[in-house]
Amino acid sequence: MIASSRLSRICRSMISSSVVLLMVSISGSAQQPSSRPAPGNAAPSNASPGTDQTKAANPRPSGTPQLLEQLNSSLVALVEKVSPAVVQVQVTGYGAVDESNHRQTALVARQRAIGSGVIVDPSGYIMTNAHVVEGARRIRVLLPMPSEDVAQVQPVGKERIEEAKLIGVHKESDLALIKIEGKGLATLSLGSARPVRQGQLVFAMGSPEGLENSVTMGVVSSVGRQPDPDNPMVYIQTDAPINPGNSGGPLVDMGGYVLGINTLILSQGGGSEGLGFAIPARIVRFVYQSLRKYGHVHTIEIQAATQDITPALAEGLGLSQKFGVIVCDVTPGGPADSGGLRIGDIVVSADGRPIDTLPALTAAVYLHPIDEALKLGVKRGSEQKTLLIPVTEHRDPMDKLMDEVDPEKSLVEPLGILAVNLDDQFRSVLGDLRFPNGVIVIARAAELLGPDTGLKTGDVIHSVNTKPIDSVEQLRALLKTLSPNSPLVLQIERDGKLVWLAFEM
């Protein structure tokens, strides 16, 4: 859902007439559009407004520029190839009721949200936004119906809706991976390193305001934009209309290649004002591969701190330049220290990419492989140096505990989770708990749908239907005593607070 603040989450619709007017103004110098096929396995429709049969039935009006016919045919073919891989994501869950009466702000209600997604694997893996599936109790995917030449509304009974399960979420990048059962589904590739250029034509696809399978057109307004100074994420900015419901849908180029995933807008009123942002495809690809393989994202660290150079900082330190990124701290004995990085070094490149800003360095480190040294180009005084910095994996404490877990012994199938007994090792990671007994939820079992429990990694289950739990074995035994559709209430501890989770088996 879109917030009323300046920084709002998104989704897109409606065609930009300004780009069409631009194409008219340059109609005398355009070239024949490329016939290169778009990625994926979606087959284009045989019917097209550009076919001979259609032309015979609808002869071209005299004076119509041939360029516009070529542009029209290219856009229709593009949409036919891309749209089969763009889905609508329907989410139900519970959220706070926004009331003007502040005494009622504690009210929660069942909510339904709609977003978009991109099929990235024929077996049913779909990338979407993390904020689309946040708080989800149930996720369903509406697969697109073939487009029709004649305007009509598809019968509800013909809609193909699939239940989806959540594979993993990465809130830092606002990306999530979900899975439906499928085979031979149309896909869009995240694997090609397509250049993104300011001013190039782009298309946003998705379900703005719930209007399934919509497409809008615009240009790339900026190839690198940081709308939130406190967030190192850098986005592709576009003026292609994006509205609530477009979140998680693709931003594609004229070849049908994914340039990014639409994720947020800047808006005063909550609707599209031509300031939309998409997560770059290389970040989407990195997160997808990590979520699919591990269920979470593996990132590296070199144990060094950096900051942007300002004119005042440059003057005070006597630096040779008034912009860029400078190293302000190096952990003694850490990877950066052993690789030769020093306080005061100015970072000028990372893995061959020029570095001018802190977000650029953050992105380079974020996307760096964990099994390779990080190649940093630095300026130290008047010298230029190339350093090979060993890297270590930055891991959440709960990720480290996963290494100690035997999935065969920790699986609690009725709840679809992996859990372990609460011992001294786990207590040292979790800190002080309200009750000494319980079991810890380590992960969700991706292959088990199970009931909508609401359990998350790190939750401590203290009791089942008021009965205290001391071990995974006791938890399994209590669950076996419950008949189908029996009410189940778990008392859990999450972030130092006690919570009841109630559902049916």
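Above: the structure in question.
This is a predicted model, so every value here is computed, not measured. (Residues numbered from 1 in each chain as written. Predicted model: local features only at pLDDT ≥ 70, side-chain atom pairs only at ≥ 80, totals over all residues. Heavy atoms only, no water.)

Enquirer: How should I be thinking about the packing of aromatic side chains in this particular structure?
Expert: The description of an aromatic ring pair rests on the distance of the ring centres and on the angle between the ring planes. A complete count under the given rule lists 2 aromatic pairs for this structure. In this arrangement the basic side chain of lysine 179 is found over the ring face of tyrosine 125, its NZ or CZ atom lying 5.3 Å from the centre. (Phe/Tyr/Trp six-rings, centres within 6.5 Å; stacked < 30°, edge-to-face > 60°. Lys NZ or Arg CZ within 6 Å of the ring centre and 35° of its normal.)

Enquirer: For this particular structure, what's the right way to read the nonpolar core?
Expert: Among the nonpolar cores identified, the biggest contains 39 residues, and Met127 and Val287 are the most heavily contacted of them. Put simply, the parts of the chain that give this core at least two residues each are α3 (66-82), β4 (125-128), β7 (175-179), β8 (201-206), β9 (214-225), β12 (258-266), β13 (276-280) and α5 (281-294). Ranked by the residues each element gives to this core, the list is headed by α5, at 6 residues. Dropping the residues within four chain positions of it, valine 287 is found in contact with Met127, His170, Ser173, Leu175, Val297 and Tyr366. (Core = buried A, V, L, I, M, F, W, Y, C linked by side-chain atoms within 4.5 Å. Buried < 20%, exposed > 50% of the residue type's maximum accessible area, 1.4 Å probe, protein only. Helix = DSSP H or I, 4+ residues; strand = E, 2+ residues; numbered from the N terminus. Contact = heavy atoms within 4.5 Å.)

Enquirer: Explain the layout of surface pockets here, please?
Expert: Gaps left between atoms are located by rolling a probe of water-molecule size over the structure's atoms. Space inside the second largest pocket adds up to approximately 860 Å³. Forming the boundary of the second largest pocket are 31 residues, of which Pro280, Arg282, Arg353, Ala363 and Leu367 lie nearest the centre. Those elements that place two or more of their residues in the lining of the second largest pocket are β9, β10 (235-238), β12, α5, β18 (353-354) and α8 (358-366). Of all the elements, α5 adds the most residues to the lining of the second largest pocket, at 6 residues. For the lining of the second largest pocket, a count of residues per class yields 20 nonpolar, 6 polar and 5 charged. (1 Å grid on protein atoms, 1.4 Å probe; cavity = no way out; pocket = protein on both sides within 12 Å on 5 of 7 lines; lining within 4 Å. Points joined across faces, edges and corners; volume = space filled by probe spheres on them. Nonpolar A, V, L, I, M, F, W, Y, C, P; charged D, E, K, R; others polar.)

Enquirer: Looking at this structure, how should I read the pattern of salt bridges?
Expert: Two side chains bearing opposite charge may form a pair once their charged atoms approach each other closely. In the structure shown here, the tally under the stated rule is 7 salt bridges. Close ionic contact of aspartate 121 with arginine 292 constitutes a salt bridge, the shortest N to O distance being 3.0 Å. Of this pair, aspartate 121 sits in the loop between β3 (108-119) and β4 while arginine 292 is found in helix α5, placing the two residues 171 residues apart along the sequence. Accessibility expressed as a relative area gives 15% for aspartate 121, which makes it buried. Across the pair glutamate 163 and arginine 138 runs a salt bridge, and its minimum N-O distance is 2.5 Å. Of this pair, glutamate 163 sits in strand β6 (residues 160-170) while arginine 138 sits in strand β5 (residues 136-143), and the two are 25 residues apart along the sequence. (Salt bridge = Lys/Arg side-chain N within 4 Å of Asp/Glu carboxyl O.)

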